[in-house]
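Read off the chains here:
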Number of protein chains: 4
Amino acid sequence: METATRDSDKAPRTERGRRTLRKLLDAAASEFGERGFHEASISTITRRAGVALGSFYTYFDSKDAIFRALVSDMSDAVKMAAREAISPDMPPLEIERAALEAFLRFAGEHKEIYRIIDEAEFVDPESYQGHYRTIAQRIADRLASGGAKGEMRSGLGEVEAWAVMGMNVFLGLRYAIWAQEGDPECAAVVTRANLLLAKGLASNRPDPV
Amino acid sequence: METATRDSDKAPRTERGRRTLRKLLDAAASEFGERGFHEASISTITRRAGVALGSFYTYFDSKDAIFRALVSDMSDAVKMAAREAISPDMPPLEIERAALEAFLRFAGEHKEIYRIIDEAEFVDPESYQGHYRTIAQRIADRLASGGAKGEMRSGLGEVEAWAVMGMNVFLGLRYAIWAQEGDPECAAVVTRANLLLAKGLASNRPDPV
Amino acid sequence: METATRDSDKAPRTERGRRTLRKLLDAAASEFGERGFHEASISTITRRAGVALGSFYTYFDSKDAIFRALVSDMSDAVKMAAREAISPDMPPLEIERAALEAFLRFAGEHKEIYRIIDEAEFVDPESYQGHYRTIAQRIADRLASGGAKGEMRSGLGEVEAWAVMGMNVFLGLRYAIWAQEGDPECAAVVTRANLLLAKGLASNRPDPV
Amino acid sequence: METATRDSDKAPRTERGRRTLRKLLDAAASEFGERGFHEASISTITRRAGVALGSFYTYFDSKDAIFRALVSDMSDAVKMAAREAISPDMPPLEIERAALEAFLRFAGEHKEIYRIIDEAEFVDPESYQGHYRTIAQRIADRLASGGAKGEMRSGLGEVEAWAVMGMNVFLGLRYAIWAQEGDPECAAVVTRANLLLAKGLASNRPDPV
DNA sequence: GATGAATGAGGATTCATTCAT
DNA sequence: TATGAATGAATCCTCATTCAT
């Protein structure tokens, strides 16, 4: 998780400073993830990071600022996870399967990320919209590419991209974040979701002629 | 929007009381919708409602309590909107189309509702989960029924229900809440989404034998 | 427990009113006794009394007013209990014994009274002082009378009266209010206290000549 | 008056912090003494201490907490005053005289302390009981020691200790706290009280045989 | 850079009291 | 008389942010 761009006058200049910054970011990620933005307090974060309260302002201008930095980090991390799981020469539907699989695994391993990004809707709407618009764009690109290869319908666009993203996100919510005893394996979830993408819900019964 | 069940000792006993309660709920809906839970304050709400600060506590135990009441109200309202748009004897895919259409219209007309329910994830996680689990269950029932009629694949279940719900929610987010100039009409969005549900994304090209 | 004098315009005029007044006083006695003046609230009292909040002000001008009425009632009750236990023709030390015995029994049976009177020190200092001054005066009279009879030292006065009163009050606190398993019987306490009054603490050893 | 043990995370770490803490304790002592616990407010205290409202919470968790710290301080101070006035090799009755004398002087000089400890009965009953139980125990020890020396009756115990303590407390209330023009000198009060302890109230007249 | 004390605006909540019905 | 809704001043407490060391 690389730190997002921040005011250059806040960037650490020494190794010691870099360590403090990292401790703050880690502590903030945990706090925001566990308690949410409003319940978390700067002093909780600094206490958890093991640094003095005042040190916080050496690295961030405000509570919002560290939250934004975190959202940016995590938004990147989510995208990276998906991107690393796929390669352009995989068959289009296989790409979607891999993307969902990567996302489910990532969400399961970083539950707090999910929460932080979601809370951005209320704390920093800009980046929340930005996050999802970017992802939707990538999916749209993939669908277009699938159409170009002739393996997906042509004409797929933004609408389908948001639909696919919504599916993925809610499956992540249900089967990664809220996973519980007795739930199907992630692999099974991915398979079923991919089948839905492939063939839809309708039965195979030939249309009555 | 009917008021959710609350402590009986807070229920108004007079007509005047009922009016005050309604004013508070309406004001809270606007405030929470516009500013969000944390930015809204009791005094903002009462000022907006035109009642004294103390009157709030005649009807609610806390800021959380009115939020919960509101979420419950709105969760019901959303479900009601979908339910009224469909009837069991419509063809299964037609039902999904109508449900999405109703949801998009509803979300567009009550943007604050969307926001309030979403914020429940952080303010009152219980009801947030409850809301989506309930809806998922209903969709699952519809899919099962579609399978029974032979018009949908058999074996559709919870996974597909969450997928459909996620699709609907994100399309609502994108095309109702975040609607902007130049976006496709809702009708077009619904049509494309329904086609996705019907046939999936794959091209019609027969499988290579 | 008779109600103290109050603003005549608040005195109940009907039988129904008298009943309401009594319910309020009883509820207030319990509430003040259990929770103390500041924890108790008018609404707690009226709820306990089973009357409407507004009805309180039909009978009392304020929270202080009902407290004062109660202190007055109880102050009278305590004095009455002592007075009924003694008669002027009992031997003076016997009178003191009986007074203490009556007080211990009374305190044990009405623990809340003790607390209410004590709290008057902070809520209504006037009546608190008045209460103890009155009692001290009575004790002083008894001691003077004991001196006149020749069975007590002559010259006993206010100082001794306060000393005796303090002794009684603290024995009541310890052995009636804070009574616990394994404490001596009240009778034993009374006997020892009376012996202290009779002979003091010094040993009987004759003064070395 | 030394500060009682408190949460270590609230203990001042710098000299400046120690000064602020002291100012707060002093201001609180005055406020609680003059107005009582419930009339005093945090903002009154901080205003009086000349520090910002928020600074209060740097050192105490709540209004109750500072009250408790104060009671503890003062309870110690009272005991110290008595202890310093006596020495084990004084004659037992002389010890009692000195203890009462010290208490009267102390109460007269620190009227607010009396009030604060008394109010603890309602604000922090635990420490109130603790205070008097501890003192009673010390008196009981002195009486036992007096018995061992043969100058007091043997068999004196807890009952007599509470009796003596009650006398002292009420004499303090009457002649130190509520002192008024024309009252006897403290010395005279002490002498009379000591005579009561020495010989009791009965006349010297030999029992009629 | 690090520390932790100081600040004070802001907000939730309580409750005695008034008043219309 | 009884009722219970309405009022709003008062108070505790939180916490982001500043600042002196």
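What counts as what
- Residues numbered from 1 in each chain as written.
- Chains lettered and ligands numbered in written order.
- Predicted model: local features only at pLDDT ≥ 70, side-chain atom pairs only at ≥ 80, totals over all residues.
- Heavy atoms only, no water.
- Contact = heavy atoms within 4.5 Å.
- UniProt positions renumbered as here; feature names shortened; annotations may be inferred.
- Helix = DSSP H or I, 4+ residues; strand = E, 2+ residues; numbered from the N terminus.
- Least-squares fit on C-alpha atoms with pLDDT ≥ 70 in both.
- Buried area = accessible area lost by both parts, 1.4 Å probe.
- Salt bridge = Lys/Arg side-chain N within 4 Å of Asp/Glu carboxyl O.
- Polar contact = N/O pair within 3.5 Å; in protein donor to acceptor, adjacent residues only side chain to side chain.
- Nonpolar A, V, L, I, M, F, W, Y, C, P; charged D, E, K, R; others polar.
- Core = buried A, V, L, I, M, F, W, Y, C linked by side-chain atoms within 4.5 Å.
- Buried < 20%, exposed > 50% of the residue type's maximum accessible area, 1.4 Å probe, protein only.
- Domains from an automatic or database assignment.
- Near = heavy atom within 4 Å.
- Axes fitted to C-alpha atoms, helices over the stretch in contact; angles between N-to-C directions.
- Parallel < 35°, antiparallel > 145°, perpendicular 65-115°, else oblique.

Caption draft 1: The arrangement of the chains, seen in detail. The two units chain A and chain C are non-contacting; their minimal C-alpha-C-alpha distance is 30 Å. Taking C-alpha atoms as the reference, chain B and chain C come no closer than 11 Å and do not contact one another.

Caption draft 2: Region of interest: the UniProt feature "domain: HTH tetR-type" (unreviewed entry) in chain A. Look at the UniProt record and you will see "domain: HTH tetR-type" (unreviewed entry) annotated at residues 18–78 of chain A. Secondary structure content for residues 18–78 of chain A is 75% helix and 0% strand, while the C-alpha to C-alpha distance between its ends is 24 Å.

Caption draft 3: Region of interest: the relation of the copies chain A and chain B. When chain A is fitted to chain B, the residual RMSD is 0.1 Å, and the transformation amounts to a turn of 180° plus an axial shift of 0.0 Å. Viewed as a symmetry operation, the transformation between the two copies matches a two-fold axis. When the interface residues of chain A are mapped onto chain B, 98% of them again fall at the interface, so both copies present the same face.

Caption draft 4: Representation of the interface of chain A and chain B within the structure. Facing 50 residues of chain A, the contacting portion of chain B comprises 49 residues. When the two sides are added together, the surface that chain A and chain B hide from each other amounts to roughly 4,900 Å², 62% of it contributed by carbon and sulfur. For the chain A face of the interface with chain B, the top three residues by lost area are Arg153(A), Phe170(A) and Leu201(A), together amounting to 17%. Counting every contact that joins chain A to chain B gives 4 salt bridges. Here Glu158(A) and Arg174(B) are joined by a salt bridge, their closest N and O atoms 3.1 Å apart. Summed over the shared surface of chain A and chain B, the number is 19 residue pairs in polar contact (both at pLDDT 80 or more). Going through the elements one at a time, α6 (111–123), α7 (125–148), α8 (158–177) and α9 (186–199) of chain A are the ones with two or more residues in the side of chain A that touches chain B. Counting residues per element, the side of chain A that touches chain B draws most heavily on α8(A), at 15 residues. Here the side of chain A that touches chain B is built from residues that sort into 28 nonpolar, 9 polar and 13 charged.

Caption draft 5: The arrangement of the UniProt feature "DNA-binding region" (unreviewed entry) in chain A in detail. Residues annotated by UniProt as "DNA-binding region" (unreviewed entry) correspond here to residues 41–60 of chain A. For residues 41–60 of chain A, the end-to-end C-alpha separation is 14 Å, with 60% helix and 0% strand making up the annotated structure.

Caption draft 6: Looking closely at the nonpolar core. Grouped together as the largest cluster of nonpolar side chains are 140 residues, with contacts concentrated most on Phe32(A), Phe60(A), Trp162(A), Phe32(B), Phe60(B), Trp162(B) and Leu171(B). If sequence neighbours within four positions are ignored, Trp162(A) has contacts with Tyr132(A), Arg133(A), Ala136(A), Phe170(B), Leu171(B), Leu173(B), Arg174(B), Tyr175(B) and Trp178(B). Ranked by size, the runner-up nonpolar core spans 134 residues in total, among them Leu25(C), Ala29(D), Ala69(D) and Met74(D).

Caption draft 7: Looking closely at the environment of Ala11(D). Following the sequence through the fold, Ala11(D) ends up in the segment before α1 (15–35). When its relative accessible area of 36% is taken as the criterion, Ala11(D) is described as partly exposed.

Caption draft 8: A look at the domain arrangement of chain A. Residues and elements named next belong to chain A. The domains assigned to chain A are domain 1 (10–61) and domain 2 (68–199). If you average the C-alpha positions of domain 1 and of domain 2, the two centres end up 29 Å apart. On the side of domain 2, 8 residues touch domain 1, which itself brings 11 residues to the contact. A buried area of about 740 Å², summed over both sides, lies between domain 1 and domain 2, and 71% of it is on carbon and sulfur atoms.

Caption draft 9: Here's a closer look at the protein's contact with DNA strand F. Taken together, 35 residues lie near DNA strand F, and Ile42(A), Thr20(B), Gly54(B), Tyr59(B) and Gly54(C) sit nearest. Among the atoms of DNA strand F close to the protein, meaning within 4 Å, 71% are from sugar or phosphate groups. Here a phosphate oxygen of DNA strand F and a side-chain polar atom of Lys63(D) are 3.2 Å apart. When contributions to the surface near DNA strand F are tallied by element, the ones reaching two or more residues are α1 (15–35) of chain B, α1 (15–35) of chain C together with α3 (53–59) of chain D.

Caption draft 10: The relation of the copies chain C and chain D, seen in detail. Laying chain C over chain D is done by rotating through 180° and shifting 0.0 Å along the axis; what remains is an RMSD of 0.1 Å. By residue overlap, the copies meet face to face through one surface: 96% of the interface positions of chain C are interface positions in chain D.

Caption draft 11: How the structure looks around the packing of helix α5 (residues 92–109) of chain A against α6(A). Residues and elements named next belong to chain A. Two elements in contact, α5 and α6, have axes separated by 4 Å at closest approach and are oriented at 95°. In terms of orientation, α5 lies roughly perpendicular with respect to α6. Contacts between α5 and α6 involve Phe-103, Phe-106, Ala-107, Gly-108 and Glu-109 from the first element and Lys-111, Ile-113 and Tyr-114 from the second. Taken together, the residues of the contact of α5 with α6 sort by class into 5 nonpolar, 1 polar and 2 charged.

Caption draft 12: Quick peek at the interface of chain C and chain D. Facing the 51 residues of chain C at the interface are 50 residues of chain D. Across the chain C/chain D interface, buried area totals approximately 4,900 Å², and carbon plus sulfur atoms make up 62% of it. A per-residue breakdown of the area chain C buries against chain D is headed by Arg153(C), Phe170(C) and Leu201(C), which together make up 17% of the total. On inspection of chain C and its partner chain D, the count reaches 4 salt bridges. A salt bridge links Arg192(C) to Glu160(D), with the nearest nitrogen and oxygen atoms 2.9 Å apart.

Caption draft 13: Expanded view of the pattern of salt bridges. Residue and element names in this part refer to chain A. Tallied over the entire structure, the rule returns 44 salt bridges over all chains. For the salt bridge of Asp-124 with Arg-68, the shortest nitrogen-to-oxygen distance reads 4.0 Å. With Asp-124 in the loop between α6 and α7 and Arg-68 in helix α4 (residues 63–85), this pair connects stretches of sequence that are 56 residues apart. On the basis of relative accessible area, Asp-124 is assigned to the buried category, the value being 11%. Linking Glu-96 and Arg-142 is a salt bridge whose minimum nitrogen-to-oxygen distance equals 2.8 Å. Of this pair, Glu-96 sits in helix α5 while Arg-142 sits in helix α7, and the two are 46 residues apart along the sequence.

Caption draft 14: Fine view of the side chain of Asn194(A). Residue and element names in this part refer to chain A. On the secondary structure map, Asn-194 appears in helix α9. Overall, the relative accessible area of 11% leaves Asn-194 in the buried class. If we ignore the near neighbours within four places in the chain, the residues touching Asn-194 are Leu-93, Glu-96 and Arg-97.

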